[in-house]
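Commentary on secondary and tertiary structure
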Amino acid sequence: MLTQAVPQFHVSEFAAEVRAGLTKPLQREIPSKYLYDEVGSALFEVICVLPEYGLTRADTRLLRQHSEEIVDRLSLPTMVAELGSGSGKKTRWILEALSKRQRTFYYPIEISASALAACEKELREIEFVSIVGYERPYLDGLLAVAANRGEDDRLLVLFLGSTIGNFDRDASERFLREVRRILFPGDALLLGTDLEKSVPQLLLAYNDPAGVTAAFNLNVLARLNRELGADFDLAGFQHEARWNFRERRIEMHLRSRRRQTVRIPGAGLAITLEKGETLWTESSHKYQPEDVLAMANRTGFRCDAQWVDAEWPFAQNLLIAV
Ligand code: AVJ
């Protein structure tokens, strides 16, 4: 007779990371990448068109204005890999400039399946561009792309929208070093970084009066309810954006309006939150233009060029692997 194996309880990475974050002793947290499920990605697209949130428009303006010059500075032929493509809208300018000079292979790398599908749809009609999407974490995807490079191919990695700002400063340098390890000398990394600006302006950008950012933040609790069977009462939490002046970053938190116990069966967890206690859901680090040059030099790159938007301080940085 066959012995039936005991079914393994599989703790997914999502459940494990949520569990680890929500049981941290001093400050509970939920990793910010989990903000981007299908609803979260759609809400983020709305944030990008809010008048208070100038970041995406600045990023797009710089790419539109300077894509020819950016492409002129690259060694060709080059394949393009994008870390966290999102909707892919602002990538159009680079792909159009590049595809005038060469047939272009574009590899969006994205953990959100819905964002990846939107990106492929957005960009698929550009002539002389072929798109192959990777639904994977950034470095896994980049390794897969690099493994397929032809002998003479250069690689241009796009890391736009100041997504790097989600990482702590140490972690961002570790990440850049890991990207660099996958690249060859002469490969390029186009890095978008949001710059420091007035605190009231930043607070408004992350706490817009229409409440879109609040909905984006609260949705992570709705996601835990949907995917891990949790029983968060969203009305029991308030969205909060803070400026951490020591770390020079905006932090998003969800503040518990009362003492409450929440069950998260999918993570094998129940937690009691005090009134006023917060769950930290995201950091958005802000930079000085010189910070980026120093970061590049410490991580195996040199900054070949930097463009700063005149309306909303934001820098596009072209780093070359040394
Ligand atoms: C996509 C990480 C760049 O930090 O500005 C926008 C995300 N969060 N509003 C940012 C976000 C709240 C955004 N990044």
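Everything here concerns the structure above.
Now for a description of the structure that goes with this document. (Residues numbered from 1 in each chain as written. Predicted model: local features only at pLDDT ≥ 70, side-chain atom pairs only at ≥ 80, totals over all residues. Heavy atoms only, no water.)

**Things to note about the overall build of the protein**
Test applied: Each helix is a run of DSSP H or I of at least 4 residues and each strand a run of E of at least 2, with the numbering of both proceeding from the N terminus. The quantity called the radius of gyration is restricted to C-alpha atoms. Its globule counterpart is 2.2 Å times the number of residues to the power 0.38. Classification of residues uses two cut-offs on accessible area relative to the type maximum, computed with a 1.4 Å probe and protein chains only: under 20% is buried, over 50% is exposed, and between them is partly exposed. Only heavy atoms matter for contacts: two residues are in contact if any of them lie within 4.5 Å across the pair.
Scanning the protein for helices and strands turns up 10 helices and 13 strands. A globule of 322 residues ought to have a C-alpha radius of gyration of about 20 Å, and the protein, at 21 Å, matches this closely. Counting across all 322 residues of the protein, residues that qualify as buried make up 53%. Here the analysis covers contacts within the protein between residues at least 6 apart in sequence; of these, 73% occur between residues at least 24 apart.

**Quick look at the sheet that holds strand S1 (residues 28–29)**
Here is the rule: Pairing between two strands is assigned when DSSP locates at least 2 bridges connecting them.
Reading across from one edge, S1-S11-S8-S7 is the order of the four strands in this open sheet, with mixed pairing throughout. Edge positions in the open sheet fall to S1 and strand S7 (237–244), since each of these has one partner strand only. Two strands pair when backbone bridges link them, and strand S8 (residues 249–256) and strand S11 (residues 278–285) are joined in this way by seven bridges, in the antiparallel orientation. Bridged to His253 within S11 is Trp280.

**Let's talk about the sheet that holds strand S4 (residues 129–131)**
Put simply, the rule reads: Helix axes are fitted only over the stretch in contact, all axes being lines through C-alpha atoms; the angle between N-to-C directions runs from 0 to 180 degrees.
Spatially, seven strands are ordered S4-S3-S2-S5-S6-S13-S12 in an open sheet, and the strand pairing comes out mixed. Here the strands that pair on one side only, and so sit at the sheet edges, are S4 and strand S12 (301–308). Averaged over all pairs of adjacent strands, the angle between strand axes in this sheet comes to 20 degrees, irrespective of strand direction. Direction of pairing for strand S2 (residues 78–83) relative to strand S3 (residues 104–109): parallel, over a ladder of four bridges. Across the sheet, Val80 pairs through a bridge with Tyr106, a residue of S3. Sheet strands in contact with helix H3 (residues 55–72) are strand S6 (188–194), S12 and strand S13 (314–321), and its direction is about 45 degrees off that of S13.

**Describing the packing of aromatic side chains**
The condition that has to hold: Planes of paired rings set the category: under 30 degrees apart is stacked, over 60 is edge-to-face and the rest tilted, where pairs are Phe, Tyr or Trp rings (Trp by its six-membered ring) whose centres lie within 6.5 Å. Whether a charge lies above a ring is judged from NZ of Lys or CZ of Arg, which has to be within 6 Å of the ring centre and within 35 degrees of the ring normal.
Under the counting rule described, the total for this entry stands at 12 aromatic pairs. Ring geometry for Tyr138 versus Phe175: centroids 6.1 Å apart, planes at 65 degrees, classification edge-to-face. Taken together, the residues Tyr138 in helix H6 (residues 138–147) and Phe175 in helix H7 (residues 169–182) connect sequence positions 37 residues apart. Residue classification places Phe175 among the buried residues on the basis of a relative accessible area of 7%. Positioned over the ring face of Trp93 is Arg64, at 5.9 Å from the centre of the ring.

**Some words on the environment of Ala305**
Note that Ala305 resides in strand S12. On the accessibility criterion, Ala305 (10% relative accessible area) is buried. On a C-alpha basis, the gap between Ala305 and Leu155 in space is 17 Å, while along the polypeptide they are 150 residues apart.

**What to know about the pairing of strand S5 (residues 154–159)**
The cut-off we apply is this: Looking down the strands as they point away from you, a crossover is right-handed if its path from the first strand over the helix to the second goes clockwise.
Of all six residues that make up S5, five are buried, and the element is covered over most of its length. Bridge count for S2 against S5 is five bridges, and the pairing is parallel. Across the sheet, the residue bridging to Val80 is Leu156, located in S5. Bridge count between S5 and S6: four bridges; the pairing is parallel. Across the sheet, Val157 pairs through a bridge with Leu189, a residue of S6. Following the chain from S5 across H7 to the adjacent parallel S6, one finds a crossover that is right-handed.

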